[in-house]
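What follows is each chain in one-letter form.
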2 protein chains.
Amino acid sequence: MSLTEENYLKALIYLSFLAPGIKEKKDVGTNELASYLKLKSSTVNEMLKRLKEKNLIHHEKYKKISLTNSGERTGLKIVRKHRLWETFLFTKLGFDWIEIHEVAEQLEHIKSEKLVEKIDMLLGYPNYDPHGDPIPDKCGKIPQRICKNLSTVERGKNCVVLAVRNTSRDFLNYLEDLNISIKTEIAIVGKIAFDNSIKIKIKNKQHSISNKVADNLLVDDSFN
Amino acid sequence: MSLTEENYLKALIYLSFLAPGIKEKKDVGTNELASYLKLKSSTVNEMLKRLKEKNLIHHEKYKKISLTNSGERTGLKIVRKHRLWETFLFTKLGFDWIEIHEVAEQLEHIKSEKLVEKIDMLLGYPNYDPHGDPIPDKCGKIPQRICKNLSTVERGKNCVVLAVRNTSRDFLNYLEDLNISIKTEIAIVGKIAFDNSIKIKIKNKQHSISNKVADNLLVDDSFN
DNA sequence: TATAATAGTTAGTATTACCTAACAATATAA
DNA sequence: TTATATTGTTAGGTAATACTAACTATTATA
Ligand SMILES: [Mn+2]
Ligand SMILES: [Mn+2]
Ligand SMILES: [Mn+2]
Ligand SMILES: [Mn+2]
């Protein structure tokens, strides 16, 4: 497995069921995959042939792409490694949650079963990475939990941030300005019908956030 | 810098001054480099053009190769990363000294200045890796110390193992059988003139080792 | 010093992973 | 249902990294 092939599988996993908002597995288009990977569709098309040859994907000419069991297993291992390395960088080396993704993007391709398992052990077998994303276990099983969009929480309720659905520098920097990170408690003070923006209170400081921001925060409000 | 280019620089560093037994910097031949990297000399020749283009080596047609200052600095950074990762795997993750090299061969190519420095800090700024090899500092400075070949220690003297000059599975496995690792104390009980083999005592157990084995162990006997 | 051995280079080919441009199939919409 | 837009494929090209085979320069030896 080349680094490039691994990245294709990871992308397919993301686009077919891991991306936020996907309820059930869906097939993926060539262009969709190409634009996600920032490649031309002709490039992707060539790789699809190789992945099919290796029995990692199902693909018929002019039809959509889906992962085989083998492809999904392999891809989930990369996701697992990525998220474990992010956790390692964050909790053991003091990287912040903005920096970790880029380095993990390299570390996820290190080939050593033992290394992954030792890092997992060192971290105490974490279930979620520093962005709140679930870490697949050795078998590819992804921990589930009840969580909802901050934008869907009712006025007057409190909630706790579980995950961010966007890990761009811009978004994470903005969250740091707002003092929002994983486990931050947020109170919904008011909702503006006009633009769906929300008034929230964090550590007794009030802020107003757009619907777009609220939509990228996953929270737990079940304790209300 | 590609992974491949980095490996060429590391190889040049090794062959020109880091390899055991080299007293002063020497230039490297194309074939010598090719055989060390297990590549054909024509392949190496092409890469030499690219490395010269990038000002990493000096090379005139039909002449020997030497590193520029820039090439040496860059190569030493890879050596530093390799040895720090080996130390990390050994001391923090419980890998044994036979396994670490292969994984470090991959980890040494991860591009993140911050990551290297954080790992260095986590390890407490070590000077030597688990094989006893010196770890270049951030500036490329290599710690020096007095040490000699076990084969040159006189009968009746005691010494402490500082480093192994060969990290092959076969050699390290044999050393484990003999109970020899870094810091092991060895007493020279006798020397056989016929084949230069040596009778040694480790933890009160006597063994006989060949000259070839003794030649691959660096020791300190200055405390006698 | 002439010749043979060794060392180093060049030419031509393959594979991976990318590209652009042109084309074909499918989906959408008038 | 035909025209158009979107989606997917093919052809042909490039750069990096490898190879084999053939060649040239340098070094060692007789
Ligand atoms: Mn990430
Ligand atoms: Mn990646
Ligand atoms: Mn090593
Ligand atoms: Mn390497």
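For every chain, the first residue of the written sequence is number 1, and numbering continues from 1 along that sequence. Chains carry letters from A onward and ligands carry numbers from 1 onward, assigned in written order. Totals for whole chains, interfaces and linings use every residue, but because this is a predicted model, local features are given only for residues with pLDDT of at least 70 and side-chain atom pairs only at 80 or more, for both listing and counting. Excluded from the side-chain calculations are hydrogens and water; all other atoms, namely the structure's heavy atoms, are used.

A. Structural view of the nonpolar core. Counting 76 residues, the largest nonpolar core has Leu115 and Leu150 of chain A together with Leu115 and Leu150 of chain B as its most contacted members. Only heavy atoms enter the contact rule, under which two residues are in contact if any of them lie within 4.5 Å. Setting aside anything within four residues of it in sequence, one finds Leu115 of chain A in contact with Trp85 and Ile110 of chain A together with Leu89, Leu93, Phe95, Val103 and Leu107 of chain B. Here, nonpolar core refers to any group of buried Ala, Val, Leu, Ile, Met, Phe, Trp, Tyr and Cys residues whose side-chain atoms link them within 4.5 Å. With a 1.4 Å probe rolled over the protein chains alone, any residue whose accessible area is under 20% of its type maximum counts as buried; one over 50% counts as exposed, and the rest are partly exposed. In this structure, Leu12, Leu15, Val44 and Leu76 of chain B belong to the second largest nonpolar core, which totals 22 residues.

B. Summary view of the packing of helix α4 (residues 69-91) of chain A against helix α5 (residues 100-107) of chain A. All names here are of chain A. Helix axes use the C-alpha atoms of the stretch in contact, all axes being lines fitted to C-alpha atoms, and the angles between their N-to-C directions lie in the range 0 to 180 degrees. A run of DSSP states H or I qualifies as a helix once it reaches four residues; a run of E qualifies as a strand once it reaches two. Both are numbered from the N-terminal end. Two numbers describe how α4 lies on α5: the axes approach to 8 Å, and their chain directions differ by 130°. By the angle between their directions, the pair α4 and α5 is classed as oblique. Where α4 crosses over α5, the two elements pack in a sense that is right-handed. Contacts between α4 and α5 involve His82, Trp85, Glu86, Leu89 and Phe90 from the former and Ile100, His101, Val103, Ala104, Glu105 and Leu107 from the latter. In this count, Pro and Cys sit with the nonpolar residues alongside Ala, Val, Leu, Ile, Met, Phe, Trp and Tyr, while Asp, Glu, Lys and Arg are called charged and the others, Gly among them, polar. The class makeup of the residues in the contact of α4 with α5 is 7 nonpolar, 2 polar and 2 charged. To sort the angles, those under 35 degrees are grouped as roughly parallel, those over 145 as roughly antiparallel, those from 65 to 115 as roughly perpendicular, and the leftovers as oblique. Crossings are sorted by hand: turned counterclockwise from the far helix by less than a right angle, the near helix makes the crossing left-handed, and turned clockwise it makes it right-handed.

C. Spotlight on the domain arrangement of chain A. Either an automatic procedure or a domain database provided the assignment from which the domain bounds are taken. By domain assignment, chain A separates into domain 1 (3-67) and domain 2 (148-220). Computed from C-alpha atoms alone, the centre-to-centre distance between domain 1 of chain A and domain 2 of chain A is 32 Å.

D. Broad picture of the sheet that holds strand β5 (residues 185-191) of chain A. Residue and element names in this part refer to chain A. Read from one edge of the open sheet, 6 strands run β3-β8-β4-β5-β6-β7, paired in antiparallel fashion. Every other strand in the sheet has two partners, leaving β3 (148-149) and β7 (205-209) as the edge strands with one partner each. Pairing of strand β4 (residues 158-164) with strand β8 (residues 217-220), which is carried by 4 bridges, proceeds in the antiparallel orientation. Within β8, the residue paired with Ala163 across the bridge is Leu218. This element, helix α7 (residues 169-177), spans β4, β7 and β8 of the sheet and lies at about 150° to β4. What makes two strands pair is DSSP finding at least two bridges between them.

E. Here's a closer look at the coordination of the manganese ion (ligand 1). Residue and element names in this part refer to chain A. Donor selection uses N, O and S atoms within 2.8 Å of the metal (3.2 Å for Na, K and Ca). Since no water is included, sites may look incomplete. His82 (NE2), Glu86 (OE) and His101 (ND1) make up the full set of protein donors to the manganese ion (ligand 1), lying at 2.0 to 2.2 Å. For the manganese ion (ligand 1), all donor residues lie on one chain, and their spacing in sequence is H-x3-E-x14-H. Within this pair, whereas His82 is found in helix α4, its partner His101 is found in helix α5, the two being separated by 19 residues in sequence. On the basis of relative accessible area, His82 is assigned to the buried category, the value being 7%.

F. Geometry of the packing of α4 of chain A against helix α6 (residues 113-122) of chain A. Residue and element names in this part refer to chain A. Between α4 and α6, the least distance of the axes is 10 Å, while the angle of their chain directions is 45°. When the interaxial angle is binned, α4 and α6 end up oblique. Along this stretch, α4 crosses α6, giving a crossing that reads as left-handed. The residues of α6 that touch α4, namely those facing Arg80, Lys81, Leu84, Trp85 and Phe88, are Leu115, Val116, Glu117, Ile119, Asp120 and Leu122. The class makeup of the residues in the contact of α4 with α6 is 7 nonpolar, no polar and 4 charged.

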